[in-house]
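# Fold and contact review
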Amino acid sequence: MRSAKPDEVMAIGTLENGGLFSVQLEGAQKFPTGLQIDITGTEGVLRLTNERAFENTEDNTVHGINGDSGTAALAVLPVPEEYRSLSDASLDESVQDLAHLYAAFARDKANGTTEATTFADAVRQHHLIDRIQRSSEEFSA
């Protein structure tokens, strides 16, 4: 018998613009597979990968594919320099992620913008987590 534990979630749905999405998140894997995000559109595919999902010493790799589906293949896409805005890039990538967030907060405070996530974003995220939890409880009942 498999014991129930909250280490995996799967969700499917429709975005505001009508696009479909599916997400599978799994923790406590015996054989960790890292991170893979596929974004499939009408003109191609973007794939973000990383051998680790958290505490990354290396940045995610971005692959892209477009063109004729019979001959196109995923290729590594370079990250444009405009996205490399930190003066000290020797930090682990997970630390750089936090530095980018603090920089976005500072820009928002200086410019009156909302580039960084807000408390309202966190509330929406927790409402989504609550809906997923309720759905799981109803499904398992």
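Everything that follows concerns the structure shown earlier in this document.
Before going into details, it helps to say that this report is about the structure given with it. (Residues numbered from 1 in each chain as written. Predicted model: local features only at pLDDT ≥ 70, side-chain atom pairs only at ≥ 80, totals over all residues. Heavy atoms only, no water.)

### A short note on the overall build of the protein chain
On a plain count of helices and strands, the protein chain comes out with 2 helices and 6 strands. When its helices and strands are written in sequence order, the protein chain yields β-β-β-β-β-β-α-α. Within the protein chain, buried positions represent 8% of all 141 residues. When the accessible area of the protein chain is evaluated, it comes to approximately 12100 Å², of which 55% is carbon and sulfur surface. (Helix = DSSP H or I, 4+ residues; strand = E, 2+ residues; numbered from the N terminus. Buried < 20%, exposed > 50% of the residue type's maximum accessible area, 1.4 Å probe, protein only. Areas by Shrake-Rupley, 256 points an atom, 1.4 Å probe, with all protein chains shown as cover.)

### Brief notes about the sheet that holds strand β5 (residues 61-66)
Reading across from one edge, β3-β4-β5-β6 is the order of the 4 strands in this open sheet, with antiparallel pairing throughout. Strands with a single pairing partner mark the edges of an open sheet, and in this sheet they are β3 (35-40) and β6 (75-76). Bridge analysis of strand β4 (residues 44-50) against β5 gives 6 bridges, and the strand direction is antiparallel. Across the sheet, residue Leu46 finds its bridge partner in β5, namely Gly64. (Pairing = 2+ DSSP bridges.)

### Re the environment of Asp59
Looking at the element boundaries, Asp59 is found in the loop between β4 and β5. For Asp59, a relative accessible area of 35% gives the class partly exposed. For Asp59, the contacting residues outside a window of four places in its chain are Asn50 and Glu93. (Contact = heavy atoms within 4.5 Å.)

### Quick look at a nonpolar patch on the surface
Together, Leu15, Phe21, Val23 and Leu25 give the surface a local cluster of nonpolar side chains, amounting to about 330 Å² of exposed area. Summarising the element assignment, Leu25 is placed in strand β2 (residues 20-26). (Patch = residues over 30% accessible without salt bridge, like charges linked within 9 Å, V, L, I, M, F, W, Y side chains within 5 Å. Salt bridge = Lys/Arg side-chain N within 4 Å of Asp/Glu carboxyl O.)

### A word on helix α1 (residues 93-111)
The terminal C-alpha atoms of α1 lie 26 Å apart, and with 19 residues this matches the ideal 27 Å at 1.5 Å per residue to within 8%. One or two steps after α1, the chain reaches Gly112, where phi turns positive at roughly 70°. (Expected span 1.5 Å × (residues − 1).)

### As for the side chain of Asn50
Within the secondary structure layout, Asn50 lies in strand β4. Residue classification places Asn50 among the buried residues on the basis of a relative accessible area of 11%. Within the structure, the side chain of Asn50 is placed 3.0 Å from the side chain of Asn60, a separation counted as a polar contact. (Polar contact = N/O pair within 3.5 Å; in protein donor to acceptor, adjacent residues only side chain to side chain.)

### Some words on helix α2 (residues 119-140)
The end-to-end C-alpha distance of α2, which contains 22 residues, comes to 31 Å, matching closely the 32 Å that a straight helix rising 1.5 Å per residue would cover. The residue sitting at the N-terminus of α2 and contributing the capping side-chain oxygen is Thr118; that oxygen lies 3.3 Å from the backbone nitrogen of Ala120.

### So, the environment of Val62
Mapped onto the elements, Val62 comes out in strand β5. In this structure, the C-alpha to C-alpha distance between Val62 and Leu46, residues 16 residues apart in sequence, is 6.9 Å. Residues contacting Val62, with those up to four places away along its chain left out, are Leu46, Arg47, Leu48, Ala75, Val76 and Leu77.

### Some details on the pairing of β2
Of the strand pairs in this sheet, strand β1 (residues 8-14) and β2 are connected by 7 bridges, and their pairing is antiparallel. Looking at β2, one finds that Met10 is bridged to Gln24. The turn joining β1 and β2, which pair antiparallel and follow one another in sequence, is formed by 5 residues; a positive phi near 95° is taken by Gly18.

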